[in-house]
Amino acid sequence: MEKDEKITNLKQELESDIKKISNQQELQHLKVKYLGKKGLITELTSNMKELTPEERKQLGQIVNELKNYAITLIETKQQEIETRILNEKLEKETIDISLPSKKNIRGSRHPFNRIVEDVEDFFVSMGYDVVDGPELETDENCFQRLNVPLGHPARDSQDTFYIDEEYLLRTQTSSVQARTMKKNSEKTPIRMICPGKVYRRDDDATHSHQFGQVEGLVIDKNISLADLKGTLELFAKKMLGENTKVRFRPSFFPFTEPSVEVDVSCFKCSGKGCPLCKQTGWIEVLGAGMVHPNVLRMGGYDPEVWTGFAFGTGLDRFAMFRYAIPDIRYLYTNDIRFLEQFDRKDEENEIK
Ligand code: DAH
């Protein structure tokens, strides 16, 4: 009887102890207290030897039951603690979806590059190649092979950054005309444009020391001024709108003969006269002409067999017209506040 009472008390003690457990460490202590080598439950069997086999069997059974009961309680508690820890962790890690999301910074195409791509699209659709040339150029390609020998007065308007006697930063993409003719060793027809940067000693609201030009060169048999006119008329309409009118004025360039300057009707006032066109109704946009026989000869083309036309135009002005940019230097200062204005959605409003 005494034994039974002891067991009942032990069971009650275990139950009340386990209720107080709140963490793994305490549970470990409890396990040792009851089930360890000298634990309270283990100890119940310490005087087994003194008992009769019958009593031994009975006690063994009771102690085993109690042991299993203790194990079940401990395991349940163990699970309880683990679940609680996991829940606490999950609670801490929940994502607060009310936080504002990170701003996605989206770039846009530079207004200058938009113009370059439009020019390229137009000429590629007409079967032209887009070629590249170096900005650090030789005097020979930039001037001499274009019929501008040393000391020629036409050099004055194109003062530039000279590296030494031979090398300079190119003043005009026309240098690529000389390169293309020289490179084409088979002397086959040429249809190319070359957009790129050029450099001059200039710095005001409409002139920058660096600006963009696109050069065009066509060489074939039976090319005439009519081909030049038709091509540039289409080009002007593509860049400035279908209603654009084009005017050709006689001019002078050392590398073309005859030479023309090309004006377009002012797209702002439709030719009526406004501050942009200085009340003339016209804006000058292009230089062009029939390739000079000397230039053809220096490029290895016989001028008795081949003819061609060339043109060159500033790209920045088209960007300034299209986006109403008042100062060319904004295009090159990389000021993010300026560039941010040219969001992608503006492209829908461009004159096409
Ligand atoms: N290179 C000239 C300039 O920078 C522009 C030009 C005029 C290019 C007539 C040409 C041309 O190819 O035929 O002012």
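The preceding data block contains the structure.
Residues numbered from 1 in each chain as written. Predicted model: local features only at pLDDT ≥ 70, side-chain atom pairs only at ≥ 80, totals over all residues. Heavy atoms only, no water.

Q: It is not clear to me how the overall build of the chain should be interpreted in this structure. Could you clarify?
A: For the chain, the helix and strand inventory stands at 11 helices and nine strands. In terms of principal-axis extent, the alpha carbons of the chain reach across some 135 × 50 × 35 Å. Within the chain, counting contacts between residues at least 6 apart in sequence, those at least 24 apart form 67% of the total. Accessible surface computed for the chain: about 21100 Å², of which carbon and sulfur atoms make up 51%. (Helix = DSSP H or I, 4+ residues; strand = E, 2+ residues; numbered from the N terminus. Contact = heavy atoms within 4.5 Å. Areas by Shrake-Rupley, 256 points an atom, 1.4 Å probe, with all protein chains shown as cover.)

Q: What is the right way to read the sheet that holds strand β9 (residues 307-314) from this model?
A: Sheet strands pair via backbone hydrogen bonds, and the direction of the pair is either parallel or antiparallel. The mixed open sheet is built from seven strands, whose spatial order is β1-β4-β5-β9-β8-β7-β6. At either margin of the open sheet sits one strand with a lone partner, and together these are β1 (129-130) and β6 (246-253). Where strand β8 (residues 282-291) lies against β9, five bridges are found, and the strand directions are antiparallel. Each residue of the ladder has a partner; that of Gly287, found in β9, is Gly312. (Pairing = 2+ DSSP bridges.)

Q: Looking at this structure, how should I read the pattern of salt bridges?
A: Note on pairing: side chains with opposite charge can pair once their charged atoms come close. Throughout the structure, instances matching the rule amount to 19 salt bridges. A salt bridge links Arg109 to Glu117; the nearest nitrogen and oxygen atoms lie 2.2 Å apart. Taking relative accessible area as the criterion, Arg109 reaches 26% and is therefore assigned partly exposed. As a salt-bridge pair, Asp335 and Arg337 come within 2.7 Å of each other at their nearest N and O atoms. Accessibility expressed as a relative area gives 26% for Asp335, which makes it partly exposed. Linked through salt bridges whose partners overlap, the residues forming this network are Arg247, Arg249, Glu261, Asp263 and Glu284. (Salt bridge = Lys/Arg side-chain N within 4 Å of Asp/Glu carboxyl O. Buried < 20%, exposed > 50% of the residue type's maximum accessible area, 1.4 Å probe, protein only.)

Q: Hey, could you run me through helix α2 (residues 24-35) in this one?
A: Look at α2: 16 Å from first C-alpha to last across 12 residues, which is about the 16 Å you get at 1.5 Å a residue. Among all positions of α2, only Leu27, Leu30 and Tyr34 are buried. For α2, the buried positions fall inside an angular range of 60° around the axis, keeping them on one side. Across from the buried face of α2, at angles greater than 90 degrees, the exposed residues are Gln25, His29 and Val32. Looking at where α2 begins, the residue whose side-chain oxygen comes 3.1 Å from the main-chain nitrogen of Gln25 is Asn23. (Expected span 1.5 Å × (residues − 1). Arc of directions from axis to C-beta. Polar contact = N/O pair within 3.5 Å; in protein donor to acceptor, adjacent residues only side chain to side chain.)

Q: What is the right way to look at the site of the ligand in this model?
A: Around the ligand, a shell composed of 16 residues is seen, among which Gln172, Ser174, Arg200, Gln213 and Glu215 lie nearest. For the ligand, a nitrogen atom lies 2.9 Å from a polar atom in the side chain of Ser174. At 2.8 Å, a side-chain N or O of Arg200 approaches an oxygen atom of the ligand. Contact with the protein chains hides 91% of the accessible area of the ligand, taken as 360 Å² for the molecule alone. Of all the secondary structure elements, the ones that give two or more residues to the shell around the ligand are β5 (210-220), β8 and β9. Per-class residue counts for the shell around the ligand are five nonpolar, nine polar and two charged. (Near = heavy atom within 4 Å. Nonpolar A, V, L, I, M, F, W, Y, C, P; charged D, E, K, R; others polar.)

Q: Explain the packing of aromatic side chains to me, please; I cannot follow it from the model alone.
A: Working definition: an aromatic ring pair is given by the centre-to-centre distance plus the angle between the planes. Taken as a whole, this structure holds 15 aromatic pairs when the rule is applied. With a centroid separation of 5.3 Å and 80° between ring planes, the pair formed by Tyr323 and Phe342 is classed as edge-to-face. With a gap of 19 residues between them, Tyr323 in helix α10 (residues 316-323) and Phe342 in the segment after α11 (336-339) connect regions that are remote in the sequence. Since its relative accessible area comes to 6%, Phe342 is described here as buried. Three or more aromatic residues joined by ring pairs make a cluster, and in this case those are Phe122, Phe123, Tyr128, Phe235, Phe267, Phe309, Phe311, Phe318 and Phe321. The lysine or arginine in question, Lys221, covers the ring of Trp306, its NZ or CZ lying 4.8 Å from the ring centre. (Phe/Tyr/Trp six-rings, centres within 6.5 Å; stacked < 30°, edge-to-face > 60°. Lys NZ or Arg CZ within 6 Å of the ring centre and 35° of its normal.)

Q: Just checking my understanding: could you explain the packing of helix α5 (residues 111-125) against helix α8 (residues 225-240) for this structure?
A: Think of two packed helices as two axes; the pair is described by the angle between the axes and how far apart they sit. It is at 11 Å that the axes of α5 and α8 come closest, and there the two elements cross at 140°. With respect to each other, α5 and α8 are oriented oblique. Where α5 crosses over α8, the handedness of that crossing is right-handed. Contact residues: Ile115, Asp118, Val119, Phe122 and Phe123 in α5; Thr231, Leu234, Phe235, Lys238 and Met239 in α8. Residue composition of the contact of α5 with α8, grouped by class: seven nonpolar, one polar and two charged. (Axes fitted to C-alpha atoms, helices over the stretch in contact; angles between N-to-C directions. Parallel < 35°, antiparallel > 145°, perpendicular 65-115°, else oblique. Left-handed = near helix turned anticlockwise from the far one by under 90°.)

Q: Teacher, can you tell me more about the packing of α5 against α10 here?
A: Closest axis-to-axis distance for the α5/α10 pair is 9 Å, and the angle between their directions is 110°. Classified by the interaxial angle, the pair formed by α5 and α10 is roughly perpendicular. Viewed along their axes, α5 and α10 form a crossing whose handedness is right-handed. On α10, the residues that touch Pro111, Phe112, Arg114, Ile115 and Asp118 of α5 are Asp316, Phe318, Ala319, Arg322 and Tyr323. Across the contact of α5 with α10, the residue classes tally to six nonpolar, no polar and four charged.

Q: Just to check I follow, could you spell out the pairing of β9 for this structure?
A: As a general feature of sheets, a regular strand has side chains that alternate between the two faces. Across eight bridges, β5 lies against β9 in antiparallel orientation. Bridged to Gln213 within β9 is Gly314.

Q: Got a minute to help me understand the environment of Phe161 in this structure?
A: Relative to the assigned elements, Phe161 resides in the loop between α6 (139-142) and β3 (167-169). Distance from Phe161 to Arg200, taken between C-alpha atoms, is 7.0 Å for residues 39 residues apart in sequence. Dropping the residues within four chain positions of it, Phe161 is found in contact with Leu168, Leu169, Tyr199, Arg200 and His209.

By themselves, these observations are geometric and do not establish any function.
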